[in-house]
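# Structural overview
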Amino acid sequence: MALTSPALFVVVCVLAVGVLALAVLDKPHPSRAGLQMLARAARVMAVSALSVLLFGLALNDQYVFYTSWADLLGSSDQATTHTIGDTTAAQTRQLPGKGLTGQQPPTVLPALPAPSQRLQSYAVSSPDIAGPAQVLVELPPNYDPASAHTYPVIIGLHGFPSSPDSYLKTGIVTVQEQLVSKHALAPSIVVIPQINVPRSLDTECVDGGPGQPHVDSWLSHDLPRWIVAHFRVRTDRLSWVTVGYSYGGWCAASLGLRHPDIFGAAIVFQGYFRPDFGPHYVPATSTLAQYDLVRLESRHPVPLSMWTITSRQDSLSYPSTAQFLRGARPPTAVTATVLPHGGHRNAVWQPFIGPALTWLGHTLPGFHA
């Protein structure tokens, strides 16, 4: 019986109700009091265990964390790798947009909120979003705002429902620092913006209609210019990358493919390539077609280097990723890892953080150690 089969849920439900009924209807027998107490305790424990199992099956059915018994037990087969295009061609192609050309930091930068710490926290306002958004910034070791030395930028994009803090808990920044210490990746400034603005709204990083958040504009226009105005960063596109997982992976792909004049690469951990709005929000805009990255890539491929991972059993990530890979062509350059098993959860993609960031250090000139 499959892990995600409705029949399994029904069987466990029937068992839980049956064991509960036995526990409730059990009549006392004084001559067997000790044995009856043990049996009753066993039934209570069984009801509790089956209730937890039912709760887990319901959650798994909704979010598809595990797609099969093999996935749950940790068995795996060989992943397949697809390589499309040439990263050199993606880096040298001329682009029509201005990017961050002409954006220069001030001679004296604004003071850091926490000068003695590497992790900085900001509340950044923008006309494109309602209210200030939280932005975390992880500075490289020995960062000195008074120095003329500049750094490449990683835009870290979290999942939903979540917050910038969750990006730090995934281990991406930890692995990044390990690679920097091994001289496999250049020290970088990591900027982790709040991408669900307001927090309860699944905006899918798109620009909504009048009165709705314009998150795409916030992330592709306002945030990069705020970064340049506050930190010692490089402004060429080959020194900027988007990195995200799940919802943040979708946003990373969208920002990279739709704004290649700013971003030279995108790393997508189990993201997807079409917006997947929740039931409570659909933006009132007639331009949603521009966010169909499968369609965009098939008609107008852009010079972007991309690393992505998905699983054939991931019902959120795999369908549009597979379609994107079938239509991807130069000057877009894609390195894709496709796993045979694995649901939509962090544990599936986290073992590949190292290979992804190593790829970044080898691929984008701004991140060469």
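Note that this is a predicted model, so its numbers are computed, not measured. (Residues numbered from 1 in each chain as written. Predicted model: local features only at pLDDT ≥ 70, side-chain atom pairs only at ≥ 80, totals over all residues. Heavy atoms only, no water.)

### Thoughts on the sheet that holds strand 9 (residues 333-339)
So the rule is basically this: Two strands are said to pair when DSSP picks up at least two bridges between them. Secondary structure elements follow DSSP: runs of H or I no shorter than four residues count as helices, runs of E no shorter than two count as strands, and numbering proceeds from the N terminus. For helices, the fitted line uses only the C-alpha atoms of the stretch in contact; every axis is such a line through C-alpha atoms, and the angle between N-to-C directions lies from 0 to 180 degrees. Should any heavy atoms of two residues lie within 4.5 Å, those residues are counted as being in contact.
A sheet is described by the order of its strands in space; here nine strands give the open sequence 1-9-8-7-6-4-5-3-2, paired in mixed fashion. Each edge of the open sheet carries a strand with a single partner, namely strand 1 (80-84) and strand 2 (119-124). For this sheet the average axis-to-axis angle between neighbouring strands, irrespective of direction, equals 15°. Sheet topology places strand 7 (residues 265-269) next to strand 8 (residues 305-311); five bridges connect them, and they run parallel. Considered in strand 8, the bridge of alanine 265 is made with serine 305. Strands in contact with helix 8 (residues 247-258) are strand 4 (153-157), strand 6 (240-245), strand 7 and strand 8; relative to strand 6, the strand with the most contacts, it is inclined by about 155°.

### Remarks on helix 8
Note the threshold: Between the first and last residue of a helix there are one fewer steps than residues, each counted as 1.5 Å, and that sum is the expected span. When accessible area is computed with a 1.4 Å probe and restricted to protein chains, residues below 20% of their type maximum are described as buried, those above 50% as exposed, and intermediate ones as partly exposed.
The first and last C-alpha atoms of helix 8 sit 16 Å apart over twelve residues, in line with the 16 Å expected at 1.5 Å per residue. Most of helix 8 is tucked away: twelve of the twelve residues are buried. Taken as a whole, helix 8 has its buried residues at Tyr247, Gly248, Gly249, Trp250, Cys251, Ala252, Ala253, Ser254, Leu255, Gly256, Leu257 and Arg258.

### A closer look at the pairing of strand 8
Put simply, the rule is: Seen with the strands pointing away from the viewer, any crossover whose path from the first strand over the helix to the second strand runs clockwise is right-handed.
Strand 8 sits mainly inside the fold: seven of its seven residues count as buried. Of the two faces of strand 8, the one carrying Ser305, Trp307, Ile309 and Ser311 and the one carrying Met306, Thr308 and Thr310 are both buried. Following the backbone out of strand 7, through helix 9 (residues 293-299) and into the adjacent parallel strand 8, one traces a crossover that is right-handed. Pairing between strand 8 and strand 9: seven bridges, direction parallel. In the strand pairing of strand 9, serine 311 is matched with leucine 339.

### Quick look at unusual backbone geometry
What is expected of a backbone is that most residues other than glycine have negative phi and most peptide bonds are trans. Backbone torsion omega between phenylalanine 160 and proline 161 reads -5°, so that peptide bond is classified as cis. Structurally, the position occupied by proline 161 is in the loop between strand 4 and helix 5 (164-169). Cis geometry is adopted by the peptide bond preceding proline 331, which originates at proline 330 and carries an omega value of 10°. Locating proline 331 in the fold gives a position in the loop between helix 10 (318-327) and strand 9. Residues other than glycine seldom take positive phi values, yet glutamate 204 does so here, at roughly 55°. Within the fold, glutamate 204 resides in the loop between strand 5 (189-193) and helix 7 (215-230). Even without being glycine, serine 246 reaches a positive phi, approximately 55°. With respect to the helices and strands, serine 246 occurs in the loop between strand 6 and helix 8. Accessibility expressed as a relative area gives 16% for serine 246, which makes it buried.

### A look at the environment of glycine 171
Summarising the element assignment, glycine 171 is placed in the loop between helix 5 and helix 6 (172-181). By relative accessible area, glycine 171 is classed as buried at 19%. Expressed as a C-alpha distance, the spacing of glycine 171 and glycine 354, which sit 183 residues apart in the sequence, is 10.0 Å.

### Section: the state of the cysteines
Note the cut-off: The definition used for a disulfide is geometric: two cysteine sulfur atoms within 2.5 Å.
Evaluation of the coordinates by the stated rule reveals one disulfide. There is a disulfide in this structure between cysteine 205 and cysteine 251, and the S-S distance comes to 2.1 Å. Every disulfide takes its handedness from the sign of the S-S torsion; for cysteine 205 and cysteine 251 that torsion is 90°, giving right-handed. Placement of cysteine 205 in the loop between strand 5 and helix 7 and of cysteine 251 in helix 8 is noted, with a sequence separation of 46 residues between them. In this structure cysteine 251 comes out as buried when scored by relative accessible area, which is 0%.

### Description of the pattern of salt bridges
Convention followed: Salt bridges are identified by distance alone: a Lys or Arg side-chain nitrogen within 4 Å of an Asp or Glu carboxyl oxygen.
Here the structure, examined in full by the defined rule, presents four salt bridges. Its salt-bridge partner being aspartate 292, residue arginine 274 comes within 3.1 Å of it at the nearest N-O pair. Here arginine 274 is found in the loop between strand 7 and helix 9, whereas its partner aspartate 292 is found in the loop between strand 7 and helix 9, with 18 residues between them in sequence. Judged by relative accessible area, which is 32%, arginine 274 ranks as partly exposed. One continuous salt-bridge network, built from bridges that share partners, spans Arg118, Glu138 and Glu177.

### What about the packing of aromatic side chains?
Put simply, the test is: The rule is short: rings of Phe, Tyr and Trp, with Trp giving its six-membered ring, pair when the centres are within 6.5 Å, and they are stacked under 30 degrees, edge-to-face over 60, tilted in between.
Tallied over the full model, the rule gives twelve aromatic pairs. On the numbers, 5.9 Å between centres and 90° between planes, the contact of tyrosine 122 with phenylalanine 231 is edge-to-face. Placement of the pair is tyrosine 122 in strand 2 and phenylalanine 231 in the loop between helix 7 and strand 6, with a sequence separation of 109 residues. Each member of the pair tyrosine 122 and phenylalanine 231 is classed as buried.

Treat this as a map of the structure, not an account of what it does.
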